[in-house]
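Structural overview
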Amino acid sequence: MTINSADFRKAMGAFATGVTIITVDLDGEVHGMTANAFASVSLDPMLVLVCVDHSTRTHAHLHAKKRFGVNVLCEDQRAISEYYARPERTHENAESEAGARFDRTRHGTPILHGSLAYLECRLHSAQIAGDHTIFIAEVEDVVVQEGDPLLFFRGKYRKVGAEIES
Ligand SMILES: Cc1cc2nc3c(=O)[nH]c(=O)nc-3n(C[C@H](O)[C@H](O)[C@H](O)COP(=O)(O)O)c2cc1C
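Since this is a predicted model, take the numbers as computed values, not measurements.

Now for the sheet that holds strand S1 (residues 17-18). Strand order in the open sheet formed by three strands is S1-S11-S12, and the pairing between neighbours is antiparallel. Every interior strand has two partners, whereas the edge strands, S1 and strand S12 (156-158), have only one.

All right, on to the pairing of strand S9 (residues 117-129) then. Of the strand pairs in this sheet, strand S6 (residues 67-72) and S9 are connected by six bridges, and their pairing is antiparallel. Considered in S9, the bridge of arginine 67 is made with arginine 122. Relative to strand S10 (residues 132-144), S9 runs antiparallel, the two sharing twelve bridges. Counted as the bridge partner of leucine 123 is alanine 137 from S10. Linking S9 to S10, which pair antiparallel, is a turn of two residues; within it glycine 130 sits at a positive phi near 65°.

Attention now moves to the site of the ligand. Around the ligand, the structure places 17 residues, and the nearest of them are Ala35, Ala37, Asp53, Thr56 and Thr58. Looking at the shell around the ligand, the elements with two or more residues in it are strand S3 (29-35), strand S5 (47-53) and helix H2 (57-65). Split into classes, the residues belonging to the shell around the ligand amount to nine nonpolar, five polar and three charged.

Overall, antiparallel pairing links the seven strands, which are arranged S3-S2-S6-S9-S10-S5-S4 in an open sheet. For this open sheet the edge positions go to S3 and strand S4 (38-42), each flanked by a neighbour on one side alone. Taking each pair of neighbouring strands and ignoring which way they run, the sheet shows an average axis angle of 35°. Docked against the sheet, H2 engages strand S2 (20-26), S3, S5, S6, S9 and S10, running at close to 55° with respect to S2.

Pairing of S4 with S5, which is carried by four bridges, proceeds in the antiparallel orientation. Pairing of phenylalanine 38 across the sheet is with valine 50, part of S5. Hairpin geometry of S4 and S5 is characterised by an intervening segment of four residues between the two adjacent antiparallel strands. Pairing analysis gives seven bridges linking S5 to S10, with the strands arranged antiparallel. Across the sheet, leucine 49 pairs through a bridge with isoleucine 136, a residue of S10.

Thresholds, definitions, all that
- Residues numbered from 1 in each chain as written.
- Predicted model: local features only at pLDDT ≥ 70, side-chain atom pairs only at ≥ 80, totals over all residues.
- Pairing = 2+ DSSP bridges.
- Helix = DSSP H or I, 4+ residues; strand = E, 2+ residues; numbered from the N terminus.
- Near = placed C-beta within 6 Å.
- Nonpolar A, V, L, I, M, F, W, Y, C, P; charged D, E, K, R; others polar.
- Axes fitted to C-alpha atoms, helices over the stretch in contact; angles between N-to-C directions.
- Contact = placed C-beta atoms within 7 Å.

What follows is the structure in structure tokens.
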């Protein structure tokens, strides 16, 4: 069986995910990037992973800073996801264009207002895998809030549907 990249994208698009913004402090500026290739790795120690394209700026920033935040978006944060997926965006326009506001954790990592969950991550290891790098990080702190998530399925943003009764 031979598959092309469109087949691969189609298959992966059938796997519904949440949406995150990976945040890095760049000497006082916030650098954010939309990512859905995020997963839990280990409970003891508590590890997560994010897969980042080599061509992104975030790829270099994660190697350089070795610390980042993962902000899990809620259903009304679609504009923030779109903003941080645009290559030409700037930190200055994040609030006026997408409503993104940030505080800082005690480590200085940017934490997005209104997200469903925040994970403070310290780089553990990085593994090159094709045109991406798998960044594995230890989770040092979390903040969790009530609400419903923003979902991404078959290339479109979605909301959570009704619970399936047993
Ligand atoms: C829903 C969605 C999910 C994405 N997930 C990822 C991802 O997991 N990894 C990745 O490298 N890029 C992902 N992207 C693309 C990046 O957000 C995009 O390339 C961004 O402009 C990179 O920013 P940077 O160059 O400032 O780091 C995703 C985009 C969207 C819209």
